[in-house]
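Here's the letter readout for the chains.
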Amino acid sequence: MERRIDLAAMAKLNHDYARSIDEDALEAWPSFFAETCLYRITTADNHARGFEAGLIYADTRAMLEDRVKSLRIANIYERHRYRHILGMPALGEGSGPDIRCETAFVVIRIMRDGVLTVFATGKYLDRVRADSDRLVFAERIVVCDNANIDAMLALPL
Amino acid sequence: MERRIDLAAMAKLNHDYARSIDEDALEAWPSFFAETCLYRITTADNHARGFEAGLIYADTRAMLEDRVKSLRIANIYERHRYRHILGMPALGEGSGPDIRCETAFVVIRIMRDGVLTVFATGKYLDRVRADSDRLVFAERIVVCDNANIDAMLALPL
Amino acid sequence: MERRIDLAAMAKLNHDYARSIDEDALEAWPSFFAETCLYRITTADNHARGFEAGLIYADTRAMLEDRVKSLRIANIYERHRYRHILGMPALGEGSGPDIRCETAFVVIRIMRDGVLTVFATGKYLDRVRADSDRLVFAERIVVCDNANIDAMLALPL
């Protein structure tokens, strides 16, 4: 049941995760997390100050599933899509079954009228776990460089 | 004459392809395609609806060569350059000698006066073939996220 | 003391270099260069014409260290950060202990108020050296696609 967490596997996890968002397959997005997990979107300023709260916060996969359902039902956000471009994962040290990983990201937002804007930049701070035959995020903290991102968030990053 | 189509080889093909455009070596661009091929630029909306037409369409390498010649001679487009940034290739299943591949892209446009804009985002949907000692595109469908791209296209994506 | 300069090692060097800038760890930035080195920022136009001068020029690691000190003390630039996204390194031929490498980049600038702009695109033209147990830049020429970058440069690219 052991699975090695190497650079290629981590890059593929990042890629598949981003693809679920960018290709509007949001229902698959929670499946990249462990059942008990931490998903948090915060800003670089707040992260540096140690603030635990986030613009978005979930600590179970079920909460992430609820979020996707809300997005599908409410659908109040102006229709848009994202396109993620990711840097190379930097694998850190492990503690127990998990290892730390950091990956830079840039997200372009595509509005319905075709306008493209750089929507967010930042880094993923991850704790990655080999869960039987695949990798999942035990923790993914999304640290956005831009402090003004909160009002615009609908889709996950 | 067999050549393995692996992740590293595919990433290098993508990189060399983008470089021929970004570094204004357009004459090399058709050489990344098979002699009989499919090159098509379309939008995510049209692709989802199954529309076969494209903003740009070519089904032989000779047509791509003609396109480059036209660009060089006509030169009616306001001078600009592109810079591609590519995601990790996602290799799919093969059918016969070809295998499927999908790669996300973001293209920044650099105008003569130095203005940089996010020009296009999307994904390459490829059918890649090992042609004697190198890889070529039997098919490259460029699916742009932004629907308003047509009026601005001059250089290939 | 030999260390192989392969794609993974080069990608990691690029990543660590960019991270020192993006994460405001500028004091680490000069350590990526050889003691006698060349660091130059220029434009694609000037580079194509063979102009040797650069918008920023340094030929020792000590000069780079001085530059970081100036940035820290003067602090006259409007506070901002960068986020680099890098392409795949293209390793070239070696001459003696060094090998050539070229890597595309896009840099997003994050202003204090959160505005994100595509600040620079271009390519790194590197001469990379295996210096005992690590890789360093004997030469890094930053060739910016956009010609109007000079007035805005504060942080290194």
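Residues numbered from 1 in each chain as written. Chains lettered and ligands numbered in written order. Predicted model: local features only at pLDDT ≥ 70, side-chain atom pairs only at ≥ 80, totals over all residues.

1. Digging into the overall build of chain A
In terms of helices and strands, chain A carries three helices and seven strands. Expressed along its principal axes, the backbone C-alpha trace of chain A runs to roughly 45 × 30 × 25 Å. Within the span of chain A, comprising 157 residues, buried residues form 38% of the whole. Taking all contacts inside chain A whose residues are at least 6 apart in sequence as the whole, residues at least 24 apart take part in 59%. (Helix = DSSP H or I, 4+ residues; strand = E, 2+ residues; numbered from the N terminus. Buried ≥ 20, exposed ≤ 12 C-beta atoms within 10 Å, placed from the backbone. Contact = placed C-beta atoms within 7 Å.)

2. What to know about the confidence of the model for chain A
For chain A, per-residue confidence averages 88 on the pLDDT scale, and residues scoring 70 or more make up 91% of the total. Predicted complex metrics record ipTM = 0.86 and pTM = 0.90. (pLDDT = per-residue confidence, 0-100.)

3. Brief notes about the pairing of strand E6 (residues 116-131) of chain B
Residues and elements named next belong to chain B. Taken across its 16 residues, E6 has twelve buried, putting it largely inside the fold. Where strand E5 (residues 98-111) lies against E6, 13 bridges are found, and the strand directions are antiparallel. Within E6, the position partnered with Cys101 by the bridge is Asp126. Connecting the antiparallel pair E5 and E6 is a turn made up of four residues, with Gly114 showing a positive phi of about 95°. Across ten bridges, the pairing between E6 and strand E7 (residues 134-144) is antiparallel. (Pairing = 2+ DSSP bridges.)

4. Topic: the nonpolar core
Among the nonpolar cores identified, the biggest contains 114 residues, and A:Ile108, B:Ile108 and C:Ile108 are the most heavily contacted of them. Excluding its chain neighbours within four sequence positions, the residues that come into contact with A:Ile108 are A:Tyr82, A:Arg83, A:Leu116, A:Val118, A:Phe119, B:Val106, B:Val118 and B:Thr121. (Core = buried A, V, L, I, M, F, W, Y, C linked by C-beta atoms within 7 Å.)

5. Quick notes on the interface of chain B and chain C
Opposite the 14 residues of chain B that make contact, chain C presents twelve residues. Contributions of two or more residues to the side of chain B that touches chain C are made by helix H1 (7-22), strand E3 (80-86), E5 and E6 of chain B. Considering each element in turn, the side of chain B that touches chain C owes the most residues, four residues, to E3(B). Grouping the amino acids of the side of chain B that touches chain C by side-chain chemistry returns seven nonpolar, three polar and four charged. (Nonpolar A, V, L, I, M, F, W, Y, C, P; charged D, E, K, R; others polar.)

6. Here's the deal with the relation of the copies chain A and chain B
Between the two copies, chain A and chain B, the superposition gives an RMSD of 0.0 Å; the rotation angle is 120° and the shift along the axis is 0.0 Å. One copy is carried onto the other by what is essentially a three-fold rotation axis. A share of only 14% of interface residues in chain A that are also interface residues in chain B marks the association as one of differing surfaces. (Least-squares fit on C-alpha atoms with pLDDT ≥ 70 in both.)

7. With respect to the relation of the copies chain B and chain C
Here two copies of a chain appear, and what relates them is a rotation about an axis with a shift along it. Each copy of the sequence occupies a distinct position, and chain B is placed on chain C by a rotation of 120° and an axial shift of 0.0 Å, giving an RMSD of 0.0 Å. When the interface residues of chain B are mapped onto chain C, a mere 14% of them again fall at the interface, so the copies present different faces.

8. Points about the interface of chain A and chain B
Across the boundary between the two partners, chain A contributes 14 residues, which contact twelve residues of chain B. For the side of chain A that touches chain B, the secondary structure elements donating two or more residues are helix H1 (7-22), strand E3 (80-86), strand E5 (98-111) and strand E6 (116-131) of chain A. Ranked by residues supplied to the side of chain A that touches chain B, first place goes to E3(A) with four residues. Here the side of chain A that touches chain B is built from residues that sort into seven nonpolar, three polar and four charged.

9. Considerations on helix H1 (residues 7-22) of chain C
All names here are of chain C. Taking 1.5 Å of rise per residue, 16 residues should cover 22 Å, and H1 covers 22 Å from first to last C-alpha, within 8% of that figure. The complete set of buried residues in H1 reads Met10, Leu13, Asn14, Tyr17, Ala18 and Asp22. Take H1 and look down its axis: the buried residues cluster within an arc of 160°, on one side only. (Expected span 1.5 Å × (residues − 1). Arc of directions from axis to C-beta.)

10. Let's talk about the environment of B:Glu102
All names here are of chain B. Take Glu102: it is sitting in strand E5. Glu102 sits 39 residues away from Ile141 along the chain, and the two C-alpha atoms are 9.6 Å apart. Setting aside residues up to four positions removed in sequence, Glu102 forms contacts with Ala90, Gly92, Lys123, Tyr124 and Leu125.

11. Digging into unusual backbone geometry
Most peptide bonds are trans, and most residues other than glycine sit at a negative phi. The backbone phi angle of A:Asp24 is positive, close to 60°, even though this residue is not glycine. Relative to the elements of secondary structure, A:Asp24 occurs in the loop between H1 and strand E1 (33-43).

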